[in-house]
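Observations on chain architecture
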Amino acid sequence: FALGPTRLLTPLPALTVLFALQWGALVWGRRTRAITAASVVEIAVIAFVLVALVRGANLIGVTAAALAYLAGRLAGAAMLFAPCRAAVKARLRQG
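Being a predicted model, the structure only gives us computed values, none of them experimental.

**Some details on the pattern of salt bridges**
For the coordinates displayed, the defined rule picks out 1 salt bridge. Note that arginine 73 and glutamate 42 form a salt bridge whose closest N and O atoms lie 3.1 Å from each other. Within this pair, whereas arginine 73 is found in helix α4 (residues 61-94), its partner glutamate 42 is found in helix α3 (residues 33-56), the two being separated by 31 residues in sequence. The exposure class assigned to arginine 73 is buried, which follows from its relative accessible area of 10%.

So, in structure tokens, the structure goes:
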């Protein structure tokens, strides 16, 4: 039962590195509101997907939790792409 959820969680270390780079760029660019918004979206997606998978798809808890966590992290990272790019561009223009 543990092998499937473990396989689902294999991209998480790479996503953690991506988040650290994005957060660093946003802090460097002084645009930290995007970090807060992405965190709220991440939590909301995790909660929604977890409930949907456990109640709707009737998945086993650990598998549903792994999928929900992965979906939340992906949503948070995706939400930070545009603000991160804008922050870096603006900061580089300043010199």
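Don't stop here, the text continues.
**Description of the confidence of the model for the chain**
Regions with low pLDDT carry predicted coordinates that are not meant to be interpreted in detail. Scored by pLDDT, the chain comes out at a mean of 93, with 99% of its residues at no less than 70. Within the chain, the element-level pLDDT minimum falls on helix α1 (residues 3-8), averaging 87, and the maximum on α3, averaging 96.

**Observations concerning the packing of helix α2 (residues 12-28) against α4**
Look at α2 against α4: their axes get within 8 Å of each other, and the N-to-C directions meet at 30°. By the angle between their axes, α2 is roughly parallel relative to α4. Pair α2 / α4 crosses with left-handed handedness. In terms of residue class, the contact of α2 with α4 is made up of 19 nonpolar, 3 polar and 2 charged.

**Some thoughts on the environment of phenylalanine 19**
Secondary-structure assignment places phenylalanine 19 in helix α2. With a relative accessible area of 1%, phenylalanine 19 lands in the buried category. Along the backbone, phenylalanine 19 and isoleucine 35 are 16 residues apart, and their C-alpha atoms lie at a distance of 9.5 Å. Sequence-distant contacts of phenylalanine 19, that is, excluding residues within four places in its chain, are made with Glu42, Arg73, Gly76, Ala77 and Leu80.

**Quick word on α3**
Taking 1.5 Å per residue, 24 residues should reach 34 Å; α3 reaches 33 Å between its end C-alpha atoms and fits that length. Every buried residue belonging to α3 is among Ala34, Ile35, Ala38, Glu42, Val49 and Leu53, and all of these are buried. Positive backbone phi, approximately 60°, marks asparagine 58, located one or two places after α3.

**What to know about unusual backbone geometry**
Of note, the phi angle at arginine 30 is positive, near 60°, even though the residue is not glycine. Along the chain, arginine 30 falls in the loop between α2 and α3. Residue classification places arginine 30 among the exposed positions, given a relative accessible area of 65%. Not every positive phi belongs to a glycine, and asparagine 58 is a case in point at roughly 60°. Relative to the helices and strands, asparagine 58 resides in the loop between α3 and α4. Its relative accessible area of 66% is what places asparagine 58 among the exposed residues.

Calculation notes
Residues numbered from 1 in each chain as written. Predicted model: local features only at pLDDT ≥ 70, side-chain atom pairs only at ≥ 80, totals over all residues. Heavy atoms only, no water. Salt bridge = Lys/Arg side-chain N within 4 Å of Asp/Glu carboxyl O. Helix = DSSP H or I, 4+ residues; strand = E, 2+ residues; numbered from the N terminus. Buried < 20%, exposed > 50% of the residue type's maximum accessible area, 1.4 Å probe, protein only. pLDDT = per-residue confidence, 0-100. Axes fitted to C-alpha atoms, helices over the stretch in contact; angles between N-to-C directions. Parallel < 35°, antiparallel > 145°, perpendicular 65-115°, else oblique. Left-handed = near helix turned anticlockwise from the far one by under 90°. Nonpolar A, V, L, I, M, F, W, Y, C, P; charged D, E, K, R; others polar. Contact = heavy atoms within 4.5 Å. Expected span 1.5 Å × (residues − 1).

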